[in-house]
Each structure stands twice: as C-alpha cells, then as structure tokens.
Amino acid sequence: MGAENRRRFFRLKMQIPLFVRRLGHADATLHIAGHLQLAEAHKQKFYKASERLQQLFKDPVHIANGAVTLFQGINLRIDFLAWLLEEILAGRDPRQQDDFSDRLQRDQMHLPPQGSHTTKTFPLIEAFYQRIELCISELLAAIERSPDVRRLIMGYEDHTLFSAEDFLPNLSILAEQGNWLARVLVQLNEKLTVYEQAYQDLVAQSCHLPDPQQWIVHPVNLSSGGVDFVTSEHYELYERLCVLFEIEHRLMVVHGRVVNIIPLLESELEEGAQGAQRIGLEFVDLSNEDIAQITRFVAAQELAAAHPNPFSHMD
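Rules of the game
Residues numbered from 1 in each chain as written. Predicted model: local features only at pLDDT ≥ 70, side-chain atom pairs only at ≥ 80, totals over all residues. Heavy atoms only, no water. Helix = DSSP H or I, 4+ residues; strand = E, 2+ residues; numbered from the N terminus. Contact = heavy atoms within 4.5 Å. Areas by Shrake-Rupley, 256 points an atom, 1.4 Å probe, with all protein chains shown as cover. Core = buried A, V, L, I, M, F, W, Y, C linked by side-chain atoms within 4.5 Å. Buried < 20%, exposed > 50% of the residue type's maximum accessible area, 1.4 Å probe, protein only. Polar contact = N/O pair within 3.5 Å; in protein donor to acceptor, adjacent residues only side chain to side chain. Phe/Tyr/Trp six-rings, centres within 6.5 Å; stacked < 30°, edge-to-face > 60°.

Enquirer: Would you mind showing me how to read the overall build of the chain here?
Expert: Scanning the chain for helices and strands turns up nine helices and eight strands. Taking the intrachain contacts of the chain between residues at least 6 apart in sequence as the baseline, contacts between residues at least 24 apart amount to 73%. Approximately 17800 Å² of the chain is accessible, and the part contributed by carbon and sulfur atoms is 50%.

What follows is the structure, encoded as structure tokens:
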C-alpha cells in the first residue's frame, strides 16, 4: 500500500476496544435481526385479551380498592412493549415516531408494585412487572447500541416464556370459577406471551455481542477510509471482516477487507505475545453518516493532540 493510501486509511494512532468478526462468503453482513412478522392469529389473541381486560376493569369493587389502577398500569406497559416490537419488526425506529417521547414518558410513570411477599399473589404481580421491565429496557438499550433497527444488536437473556401458573398453579381453575383477580392475571399473561414470544424470536435472530467493556483494547490507526490494528489472530489478504468500535458514545458497525498484513518484529511484540501482526482493513460500503462521524472524531483527536491542554497536569 502506497504512502498516500496509508495516510488516507490509517492516520490517527490511538487505543480503542474493538470487536472483530470474520464474514464468510455466505455471510454478507453481520448476523443481525432481519424482518419478522407476527402471525395474525397471535395478534387476534392479543386484541381479545385486551378487550376482556377492559371489561374486567369496569368492576366497581376493584376500582374502589385500587386493584384496577394497579393492573391497568401493568396492562399499559405490555401495550408499550407491543408497540415497540411492532415498530422494530416493521423495520422502523420507534424513536423516529412522533409520539415516541410521549409513549416513553407515560410508560416511565408506572412504578413497581408495592405489597407484601407473604401473600400468594404479590410475588406473581412483582414478577410480571419485572419481566415486562426486562423486555422493554433491553429493547430500548438495543436500539441505542445498534446502527439501526434493521441491524439490531440484542443482549442475550436466556429464559423461558413467563408463566403466571409457575407462581399460582391453580390460576386457570380460579379464573374459570369467576375469580376476578385470577381472570385478570390470566388475560395479562395471554397478552404478554404473544409479544414475549416475538421478543424471543427477535433475540434469536439478532447479533449477540459480549459487553463492549469486555472487548480487547487494540492499538489502532483510524480514518474514515479504514483502520489498522495489532492482533494475534491470523487473517487472509482480502478477507472480509466486520469491526465494531465505539466513538462519541455511538457504536460503529463497519465492514472492510484486509488489504495489508505486516508481521510484527520481535522487538515490537509485547511480552508473551507471539505471532502478532498488524492488519490493515479498508472500509467498504460505509454510509455517509458513518464517514462523517469518523471524520469528525479523527479531526477532533488530531486537534487535541496538536494543541494539548496546558492545564491538564493540574487535574
């Protein structure tokens, strides 16, 4: 690679955490969630459960004792989870919708239930809330950490679908006997199951990554044209890689091809490091937004290096 290309691709030296993955010939992109579609029958099950709940919530006795307010809050959180998933499954970023802020604010107003663990029902109600909170918080975090919702990077939560009967084995029997509380819990569970299954399907098809705080820190040279980094992994010339790194609190997911491989001299190796080499990766198909982000970051780092803070030693 000529001097001009070296300058274009690899111009700013720094140390940053990287996550590198090989891309095979059949793996044209990092394995991130594709389109999923919720079956119409499942949607109808959700809508029918919602209708039954609205009828149950008209009960004057349970309006008076506050039970309706409690379960309406849980119900609305399930509705918010369903809305988030519908937007994501359709390939739309929920944050770009006009009512996202209002929906999020309303959802955050619902506080965890308060009660006694000595009752049979409170642990179930608390677990209901916690499972909904887990799904919502992970979806919002995934949206934040991902380049876009079409390339969603999910965390991994290995759990079975929530079942109210794990807490109250006779719940269905009580519901059939007309017990108001049991009937409400059964319908809430019905609603949650529909979209928790959709959530699990999304997780199964999404990319799973270790926590960025656990990524290996590599000495690199970076520009909007490419990156080079030192690694003990061995790659082939022209091999395609996917590299993830974080700059300015934004996760970058970029593809590239190996254009340079330089084995390090023994004098350059850290103690215990054998066979390390410097890999030059040329970015391909970088979006204009990603180019602009990297260019701004590199320019800011170069400016800071050229004009260090004279008061930094006083910190």
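Enquirer: Honestly, the nonpolar core in this entry has me stumped. Any pointers?
Expert: For soluble globular proteins, the rule of thumb is that nonpolar side chains tend to be buried together. With 50 residues, the main nonpolar core has Phe-71, Phe-128 and Leu-139 as its most contacted residues. Counting residues per element, this core draws most heavily on helix α4 (residues 67-89), at 13 residues. Once residues lying within four places of it in the same chain are set aside, the contact partners of Phe-71 are Phe-57, Ile-125, Trp-180, Leu-181, Val-184, Leu-185 and Leu-188. In terms of nonpolar packing, the next biggest core, distinct from the first, is built from 22 residues, Val-220, Phe-245, Ile-247 and Leu-281 among them.

Enquirer: What is the right way to look at unusual backbone geometry in this model?
Expert: Comment: phi is negative for the bulk of residues other than glycine, and the bulk of peptide bonds are trans. Here Tyr-238, not a glycine, exhibits a phi torsion of approximately 75 degrees, which is positive. Topologically, Tyr-238 is positioned in the loop between β5 (226-231) and β6 (240-247). In this structure Tyr-238 comes out as exposed when scored by relative accessible area, which is 57%. Although it is not a glycine, Asp-285 sits at a positive phi angle of roughly 55 degrees. Positionally, Asp-285 belongs in the loop between β8 (277-284) and α9 (288-306).

Enquirer: Help me understand the side chain of Arg-77, please; the structure alone is not making it clear to me.
Expert: Locating Arg-77 in the fold gives a position in helix α4. Judged by its relative accessible area of 3%, Arg-77 is buried. In terms of polar contacts, Arg-77 uses its side chain to reach the side chain of Tyr-129, at 3.4 Å. Excluding its chain neighbours within four sequence positions, the residues that come into contact with Arg-77 are Asp-107, His-110, Tyr-129, Ile-132, Glu-133 and Ile-136.

Enquirer: Honestly, the environment of Val-194 in this entry has me stumped. Any pointers?
Expert: Mapped onto the elements of the fold, Val-194 is located in helix α8 (residues 180-205). Remark: the alpha-carbon pair of Val-194 and Ala-82, spanning 112 residues in sequence, is separated by 8.7 Å. Once you skip the residues sitting within four places of it in the chain, Val-194 turns out to touch Leu-38, His-42, Lys-45 and Phe-46.

Enquirer: Quick question: what am I supposed to make of the packing of aromatic side chains here?
Expert: This structure, assessed with the given rule, holds eight aromatic pairs. Here Phe-19 and Trp-215 contribute two aromatic rings whose centre-to-centre distance is 5.8 Å and whose plane-to-plane angle is 35 degrees, an arrangement assigned as tilted. Residue Phe-19 is located in strand β1 (residues 12-22), and its partner Trp-215 is located in the loop between β3 (207-208) and β4 (216-222); the two are separated by 196 residues in the primary sequence. The exposure class assigned to Trp-215 is buried, which follows from its relative accessible area of 7%. Seen from their ring centres, Phe-46 and Tyr-195 are 4.9 Å apart, and the 80 degrees between their planes marks the pair as edge-to-face. Residue Phe-46 is located in helix α2 (residues 40-56), and its partner Tyr-195 is located in helix α8; the two are separated by 149 residues in the primary sequence. Taken together, the aromatic side chains of Phe-46, Tyr-47 and Tyr-195 make up a single cluster linked through ring pairs.

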